[in-house]
Amino acid sequence: MRHDDILQFWFNEIEPKKWYAKDAEFDALIYQRFAEVHRSANAGELADWRSSAHGRLAEIIVLDQFSRNLARAPGNHAALAFASDNLALCLAQHAISLGADKELTPAQKAFMYLPFMHSESLLVHQQALHLFDQPGLESNLAFEHKHKAIIERFGRYPHRNAALGRQSTPEEIEFLRQPGSSF
């Protein structure tokens, strides 16, 4: 598979509303088409994709976004959703340090920056605020503020606790009962 196949699928074949929706049929499609490339990305086998900004973006999407879809596929464990987050973040940090994000459209930049938003590090969220604070990413910036507030309050995302086998505090349990508490 080529990195162009990932970008064609993500930005042209599907509607943007699919990007963040929990949809069993869509998750199954991701599994059918991309489970093997996800395995390759996790194994570090897509290094040749990093020769271009678009290849870097495709690898980040596979690790950051597809992981969430694959975790919901039958037979997979929910923790898979977050298992590639640190790798995706490191790849995004490196791509940005090289200026690769400057070659992307706002929609593409948003996906290069999402690993920052998914991080449970407050320092990384400080960087995310700066990254998302640019024209075309206003709605992403608003979501980043919401994510950062959760990290400031709890030091982690409480909605991940069950999947990661973490014990929730009483305050987290109460928070999770609130509408819109998990993403």
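Residues numbered from 1 in each chain as written. Predicted model: local features only at pLDDT ≥ 70, side-chain atom pairs only at ≥ 80, totals over all residues. Heavy atoms only, no water.

Some thoughts on the overall build of the protein chain
Going by this rule: Secondary structure elements are taken from DSSP: a helix is a run of H or I of four residues or more, a strand is a run of E of two residues or more, and numbering for both begins at the N terminus. For this measure, only C-alpha atoms enter the radius of gyration; the expected value for a globule follows 2.2 Å times N^0.38, where N is the number of residues. We call two residues contacting when some pair of their heavy atoms lies within 4.5 Å. Surface accessibility follows the Shrake-Rupley procedure with a 1.4 Å probe radius. Residue values consider only the protein chains on display as shielding. Only four residue types enter the charge count, namely Lys and Arg as positive and Asp and Glu as negative; His and the chain termini do not. The location of each charge is read from NZ of Lys, CZ of Arg, CG of Asp or CD of Glu.
Helix and strand counts for the protein chain stand at 10 helices and zero strands. Beginning at the N terminus, the succession of helices and strands in the protein chain can be written as α-α-α-α-α-α-α-α-α-α. Relative to the globule expectation of 16 Å for 183 residues, the C-alpha radius of gyration of the protein chain, 16 Å, shows essentially globular dimensions. Seen through its C-alpha atoms, the protein chain measures out along the principal axes to roughly 45 × 40 × 30 Å. Pairs at least 24 residues apart make up 58% of the contacts formed inside the protein chain by residues separated by at least 6 positions. Accessible surface, the protein chain as shown: approximately 9,300 Å² in total, 54% of it carbon and sulfur. A gap of 3 Å separates the mean positions of the 19 positive and 23 negative side-chain charges of the protein chain.

Things to note about the side chain of Asn69
As a reminder, the rule being used: Only protein chains enter the accessibility calculation, which uses a 1.4 Å probe; a residue whose area is less than 20% of its type maximum is buried, one above 50% is exposed, and one in between is partly exposed.
Checked against the element boundaries, Asn69 lands in helix H3 (residues 53-71). For Asn69, a relative accessible area of 2% translates into the label buried. Among all residues touching Asn69, those that are not within four sequence positions of it are Phe26, Asp27 and Ile30.

A few points about the side chain of Lys109
Stated precisely, the cut-off is as follows: The term salt bridge refers to a pairing of a side-chain nitrogen on Lys or Arg with a carboxyl oxygen on Asp or Glu at a separation within 4 Å.
By the secondary structure assignment, Lys109 is in helix H6 (residues 106-118). One buried charged residue, Lys109, forms no salt bridge at all, with the nearest opposite charge on Asp101 at 5.8 Å. Setting aside residues up to four positions removed in sequence, Lys109 forms contacts with Asp101, Leu104, Gln134 and Leu137.

Quick word on the packing of helix H1 (residues 3-13) against helix H2 (residues 24-42)
Helix packing geometry: the angle between the two helix axes and the distance between the axes. Our working rule: Angles run from 0 to 180 degrees between N-to-C directions of axes, and those axes are lines fitted to C-alpha atoms, restricted for helices to the stretch in contact. Here is the rule for angles: anything less than 35 degrees is roughly parallel, anything more than 145 is roughly antiparallel, 65 through 115 is roughly perpendicular, and the remaining ranges are oblique. Helix crossings get a hand from a simple test, with the near helix turned counterclockwise from the far one by less than a right angle marking a left-handed crossing and a clockwise turn marking a right-handed one. Ten residues, namely Ala, Val, Leu, Ile, Met, Phe, Trp, Tyr, Cys and Pro, are considered nonpolar, four, namely Asp, Glu, Lys and Arg, are considered charged, and the remaining ones, Gly among them, are considered polar.
At a closest axis distance of 12 Å, the pairing of H1 and H2 adopts a crossing angle of 160 degrees. By the angle class used here, H1 and H2 are roughly antiparallel. Note that H1 runs across H2; the crossing there is left-handed. Two secondary-structure elements touch here, H1 through Ile6, Phe9, Trp10 and Glu13 and H2 through Phe26, Leu29, Ile30, Arg33, Phe34 and Val37. For the contact of H1 with H2, the class distribution of residues is eight nonpolar, no polar and two charged.

Some points on the environment of Arg166
Stated precisely, the cut-off is as follows: In protein, a polar contact requires one atom able to donate a hydrogen and another able to accept it; more generally it is a pair of N or O atoms within 3.5 Å, and residues adjacent in sequence count only if both atoms are side-chain atoms.
Within the secondary structure layout, Arg166 lies in the loop between helix H9 (161-164) and helix H10 (170-176). Placed 34 residues apart in sequence, Arg166 and Phe132 show a C-alpha to C-alpha distance of 30 Å. Not counting the four nearest positions on each side in its chain, Arg166 is found in contact with Glu120, Arg156, Tyr157, Arg160 and Asn161. Among the polar contacts listed, one links the side chain of Arg166 to the side chain of Glu120, at a separation of 2.9 Å.

Observations concerning H3
Threshold: Take the number of residues in a helix, subtract one, and multiply by 1.5 Å to get its expected span. The seven residues ending at a residue and the seven starting there each receive a fitted axis; the angle between those axes is the bend at that residue.
Over its 19 residues, H3 runs 27 Å from end to end, which matches the ideal 27 Å to within 8%, given 1.5 Å per residue. In H3, a bend of some 35 degrees at Gln65 exceeds every other bend along the element.

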